[in-house]
Each structure stands twice: as structure tokens, then as C-alpha cells.
Amino acid sequence: MKKINVNTSTPYEVLIERGSIKKSGELIAGITKSRKVAIITDDIVGSLYAETVTDSLKDNGFECTMFTFPNGEQSKNLSVLGQIFDFLCESGITRSDMLIALGGGVVGDITGFAAASYLRGVDFVQIPTTLLAQVDSSVGGKTAIDISGGKNLVGAFKQPALVICDSDTLKTLTAENLSCGMAEVIKYGMIRDRDLFEKLECHNLENVHEIMDDIVYTCIDIKRDVVENDEFDKGERMILNFGHTLGHAIEGWHNYTDYTHGMGVAVGMCLITNKFAPELSERLKKCLTAYKLPTDTEAPMAELLPYCSKDKKRAYGNISYIVCKTIGVAEIRKSTVSEFEKFMEV
Ligand code: GLY
């Protein structure tokens, strides 16, 4: 089993091994004295993996309860969060017990926020089952829900107590879901790791499983390094947002329906690279296309820019955005919203 230690304000391990979900009870028993857990999952992931996780927990002496909500971003809201709180209360979950997020980014984000706020904080374990959740959202402690004003606008930093990554779970993903995670993987290559980017250039969506263990480990290790340097997102951590300012705008333009986060990030990386490093554009686009990701959008720039001015990273009237002029090297740039609008105007 590979281990990555994340040395944040509360340190924890990320465990990476094929089949590790079957040992989740034993692994969780190693980090808590409590023998009571609440699993939070969605209907799709729950139908695939809840029994395996529950059996393993019960074999290791845990009493388990489980809350399931409908799969999808539309569940990451105040109403489902309220249902989770009620469920935890009715199940008698106390501060010494543990929540388990079993699923993709939506499950991890809402469970993490419930863990940050229920009883002013209970521990939680991430068992991410999508590529995006394994390489990005399960590590680093960002938790959130969406509100009508936008995605992830209400949340907290809450590091998990343990992350269990089983890359076998990625085999059940749809091509679209895998492709969505690959946008974040390509982003890591662009911002920090030329070797990773070059490996990705030699593969495609059909054969990427051959190098999946290596990819998951490399991306988590990059994220660990960035998060350890800037846990609370005041500086370096912003590089993880390469492609995201415009990516979130495109997702918003599509009303967060039929347009995945990965598609938004892919196009966002292309738009910013077209503008600030046109010499890299063709290479980036070729790589994204190999993973069936889009490289352009029908959304007019003038209609995307208002979404950018609502970006979470906006502070003191400035917007931060990330530019990669060399593969593997990211720069954080700041400008006023109106300057950014001028740069991006076509
Ligand atoms: N997903 C970006 C971050 O964790 O900062």
C-alpha cells in the first residue's frame, strides 16, 4: 500500500491501493477509538460499494448507519445538508464518532461540511470513488455546498482524518466521468509536472488505466505539497485553480447542467493559454482531445466575464488567475476585474 502523509494543521494519511475499499473497516479502526460511524453516500455509489464498506466496518466491530441522497451536483445544497444533520442527530452520532464520505466530489464536499459544522466538528474519512475526488477534492480539506448565488460559496476548511483511495473503483466510472477527472490530472501536469504531462501525451482515455496508479499517486503528491505550503488558500494553493476562473464561468453559463466541471476546466485552461501562452495552446489542446475533453466553447466571452467577477478568489477588487507559460510551471497573476475583462475580450 502506498502512503502519502499530509502535514496540515491536523495531519493525516492518504492510503492508495487497489482493493483497499475492502479493508476500510480495518483501516478506519486504526485511526479512531470510536466504533460508531455514519456513512454518507449517493444512490449510485451506494449501490456499488456501500455493502463492501459496511461489511468491512461491521467485521471490525463498527456500528454503521447510512444516509443516501440522489447522485449529482443538484444534491449539494442546504436542504440535503439539513437532512444529513437531522439524520446524524437521530442516529445519535456524537463528537467522538466518525462520518465517512463514500463517493465522488459532491459526497466528499457536503459530508466534509457536515463534519465541519455538526456539533462544531466531528472527524470524517474520505473514500473517494471518482478520479476527480481521488486526485483533487478528497485531499486538502476544502468542503462546501452550493447556494443559488453559485457553486461552493458556503463551506469550511476541514481536513479529513484519513483518505482511502482504491483505483479499482475508477473502473466502474462512465467515460464522461473519467474524462472529467482527467481534466484535473492534465492541470497538474501543466502547473507542476512536465513528466506527468508527457506521460499523458503518450496515452488516451482508452488506455489511461495502464498508468492510473502512477497518475493518482503523482497528483495527490503534488496536491499534498501545495496544500502543506498554503493550507488556507492565501497564495500558492491558487495555482490549483488553473483553468477554473473561466471554467466555473462556463459551467455557470450552462446552468451547471450537462456540462461537467472537467469540461469547464479543460476549456478554461485553453482560453487562458490561448491568450497568455499561445505557443503552448496546440499541445494542450491535443492532450485534452486525447481524453475526449472540449477545447473551446460556444459561450461568448462577454457573457462569461460577469461570472468571473463573482469568483471566490476575488479580493480587494482584484481577480487572481493562473497562467502556465512553460509546461510544469504556473504563475499567479492578479488584476482588477476590468483589466481581466480587457485581457480576455475578443
Ligand atoms: N480544488 C482546489 C483546491 O483544493 O484548492
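Here the structure is shown first, and the text comes after it.
Parameters and conventions
Residues numbered from 1 in each chain as written. Predicted model: local features only at pLDDT ≥ 70, side-chain atom pairs only at ≥ 80, totals over all residues. Heavy atoms only, no water. Helix = DSSP H or I, 4+ residues; strand = E, 2+ residues; numbered from the N terminus. Rg over C-alpha atoms; globule rule 2.2 N^0.38 Å. Buried < 20%, exposed > 50% of the residue type's maximum accessible area, 1.4 Å probe, protein only. Contact = heavy atoms within 4.5 Å. Areas by Shrake-Rupley, 256 points an atom, 1.4 Å probe, with all protein chains shown as cover. Lys, Arg positive; Asp, Glu negative; His and termini not counted. Charge placed at Lys NZ, Arg CZ, Asp CG, Glu CD. Phe/Tyr/Trp six-rings, centres within 6.5 Å; stacked < 30°, edge-to-face > 60°. Lys NZ or Arg CZ within 6 Å of the ring centre and 35° of its normal. Pairing = 2+ DSSP bridges. Right-handed = clockwise from strand over helix to strand, strands pointing away.

1. Quick notes on the overall build of the chain
Inference 1: A count of helical and extended segments in the chain gives 13 helices and eleven strands.
Inference 2: Its C-alpha radius of gyration of 19 Å places the chain within 12% of the 20 Å reference for a compact globule of 346 residues.
Inference 3: With the C-alpha coordinates aligned to their principal axes, the bounding extent of the chain is approximately 60 × 40 × 35 Å.
Inference 4: Counting across all 346 residues of the chain, residues that qualify as buried make up 58%.
Inference 5: Considering only intrachain contacts with a sequence separation of at least 6, the fraction spanning at least 24 residues in the chain is 74%.
Inference 6: With the model as given, the accessible surface of the chain reaches about 14200 Å², and the carbon-plus-sulfur share is 50%.
Inference 7: If you average the places of the 37 positive and of the 48 negative side-chain charges in the chain, the two averages end up 4 Å apart.

2. Observations concerning the side chain of Ser179
Inference 1: Assignment of secondary structure puts Ser179 in helix 6 (residues 175-192).
Inference 2: Overall, the relative accessible area of 5% leaves Ser179 in the buried class.
Inference 3: Setting aside anything within four residues of it in sequence, one finds Ser179 in contact with Leu205, Tyr291, Lys292 and Leu293.

3. Description of the packing of aromatic side chains
Inference 1: Summed over all chains, the structure comprises six aromatic pairs.
Inference 2: Arranged with centres 5.2 Å apart and planes meeting at 85°, the rings of Phe157 and Phe232 form a pair that is edge-to-face. With Phe157 in strand 8 (residues 150-157) and Phe232 in the loop between helix 8 (212-229) and helix 9 (244-253), the pair connects residues that are 75 residues apart, well separated along the chain.
Inference 3: Exposure remark for Phe157: the relative accessible area of 37% places this residue in the partly exposed category.
Inference 4: Judged by its relative accessible area of 42%, Phe232 falls in the partly exposed class.
Inference 5: Ring pairs connect the aromatic residues Phe276, Tyr321, Phe340 and Phe343, which therefore count as one cluster.
Inference 6: Taking the ring centre of Phe62 as reference, the NZ or CZ of Arg35 above it sits at 4.8 Å.
Inference 7: Just above the ring of Tyr188 sits the side chain of Lys187; from NZ or CZ to the centre is 4.7 Å.

4. Describing the pairing of strand 5 (residues 98-103)
Inference 1: Among the six residues in strand 5, six count as buried, and that is most of the element.
Inference 2: Across five bridges, the pairing between strand 3 (residues 36-42) and strand 5 is parallel. In the sheet register, Ala38 faces strand 5, and the bridge partner there is Leu99.
Inference 3: Two strands pair when backbone bridges link them, and strand 5 and strand 6 (residues 123-128) are joined in this way by six bridges, in the parallel orientation. Looking across to strand 6, one finds that Gly103 is bridged to Pro128.
Inference 4: Traced from strand 5 through helix 4 (residues 105-117) to strand 6, the parallel crossover comes out right-handed.

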